[in-house]
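# A closer look at the structure
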Amino acid sequence: MIRDSNWSSRLFDASNYVFLTVFALLCLAPMVHIFAVSLSGRAPATGGFVSFWPIDFTLENYQEVMGSRTFLRSFLISVTRVLTGASLNMILIILTAYPLSKTPRAFRGRTIFIWFFVFAMLFDGGLIPSFMVVRSLGLLNTLGALILPNALPIFSVILMMNFFRDVPKELEESAVIDGASHWKVLWYIYLPLSLPAIATLTLLSSVNHWNAWFDGLIYMTDTANYPMQTFLRTVVVELDLTNIGIDPRDLQRLSDRAIRGAQIVVATVPILVVYPFLQRYFISGIKLGAVKE
């Protein structure tokens, strides 16, 4: 029985490794293909001859992209949105989750606020009312239209609240006895112990802001104010080359397909650079914040 169990366990592990390896390669294949196309010359890229290795290797596509004012403007808008939006998200998440993590005895009315947030998470006003509110506030074509409507992600508040509830109450009680206020308790006790959750939610918020494209499409009537992903959608999905920001004369020697590939790669790099530094917090933060009642 032991020998059969060991053999079956090895077979199961080997099957998992094979399956996960194949699945990982399938996930990486499109990105490798786009990267190869972005480094290829005009003829092979336009003709569709590039698979997973560049043909007629060239860096001119990236030179054109980095020299495009339209592309760099949309890139800067997205970077500003991520830095401002993620910071605002985390400030509001922490300030909301801290009082909600208290017991109903310590914070009267906590249950009412909890149900209020749950209801708001499950139901919203819809696209048209949201657009009317943004327009009435004069936020169209501003960075505020991309940040303020989602300034407080309620699901993240619930995760952070559950994480705060896992902090030992004895630490807070001892700090209160020593005369610490709620601000000091939050700053010196809760936040240092909640770094995994904070890193996880910061990563989620940053990725959401960086990948968002639909809000830019409906709230920005001027294409010059498009964030990165909205800009890429007009170029890649709608094939609108008027917004590509490249001199038309350069398209005679470069492939528009290769240039679009270079834009996609450049737009992906920031998240790929940031993620490895936060990866070690990601799983632990989600697990510890999601299993509480």
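As the structure is a computational prediction, the values presented were derived from the model and not from experiment.

Across its twelve residues, helix H10 (residues 182–193) extends 15 Å between first and last C-alpha, which sits within 8% of the 16 Å expected from 1.5 Å per residue. The set of residues buried in H10 consists of Val 185, Leu 186, Ile 189, Tyr 190 and Leu 191. Contact partners of the buried residues in H10: helix H4 (69–100), helix H8 (154–165), helix H9 (169–177) and helix H11 (195–211).

Glancing now at the pattern of salt bridges. Overall, the coordinates contain two salt bridges when judged by the stated rule. With a closest N to O distance of 2.5 Å, Asp 215 and Arg 81 form a salt bridge. Of the two residues, Asp 215 sits in helix H12 (residues 214–219) while Arg 81 sits in helix H4, which places them 134 residues apart along the sequence. We note that Asp 215, like Arg 81, is buried. Residue Glu 172 is joined to Lys 102 by a salt bridge in which the shortest nitrogen-to-oxygen separation is 2.6 Å. Highlighted residues: Glu 172 in helix H9 and Lys 102 in the loop between H4 and helix H5 (110–122), separated in sequence by 70 residues.

So, on to unusual backbone geometry. The phi angle at Asp 56 is positive, at roughly 55 degrees, despite the residue not being glycine. Within the fold, Asp 56 resides in the loop between helix H2 (42–47) and helix H3 (60–66). For Asn 141, which is not glycine, the phi torsion reads 65 degrees and is therefore positive. Here Asn 141 lies in the loop between helix H6 (127–136) and helix H7 (144–147). On the accessibility criterion, Asn 141 (27% relative accessible area) is partly exposed.

Another aspect to go through is the nonpolar core. Within the largest apolar cluster, 24 residues are counted, with the highest numbers of intra-cluster contacts made by Ile 94, Met 160, Phe 164, Leu 186 and Tyr 190. Mapped by element, the contributors of at least two residues to this core are H4, H8, H10 and H11. Counting residues per element, this core draws most heavily on H8, which supplies seven residues. The contact partners of Ile 94, leaving out residues within four places of it in the chain, are Met 160, Phe 164, Leu 186, Leu 191 and Ile 198. Of all hydrophobic cores here, the second largest spans 16 residues; its members include Leu 146, Met 228, Val 265 and Ala 267.

Right, let's get into a nonpolar patch on the surface. A cluster of nonpolar side chains, contributed by Phe 119, Met 121, Leu 122, Phe 123 and Phe 155, occupies part of the molecular surface with about 580 Å² of accessible area. When residues in the nonpolar patch are grouped by element, the largest group, three residues, is from H5. Relative to the elements of secondary structure, Phe 119 occurs in helix H5.

Rules of the game
Residues numbered from 1 in each chain as written. Predicted model: local features only at pLDDT ≥ 70, side-chain atom pairs only at ≥ 80, totals over all residues. Heavy atoms only, no water. Helix = DSSP H or I, 4+ residues; strand = E, 2+ residues; numbered from the N terminus. Expected span 1.5 Å × (residues − 1). Buried < 20%, exposed > 50% of the residue type's maximum accessible area, 1.4 Å probe, protein only. Contact = heavy atoms within 4.5 Å. Salt bridge = Lys/Arg side-chain N within 4 Å of Asp/Glu carboxyl O. Core = buried A, V, L, I, M, F, W, Y, C linked by side-chain atoms within 4.5 Å. Patch = residues over 30% accessible without salt bridge, like charges linked within 9 Å, V, L, I, M, F, W, Y side chains within 5 Å. Areas by Shrake-Rupley, 256 points an atom, 1.4 Å probe, with all protein chains shown as cover.

Interpretation note: all reported values are geometric properties and have no functional meaning in isolation.
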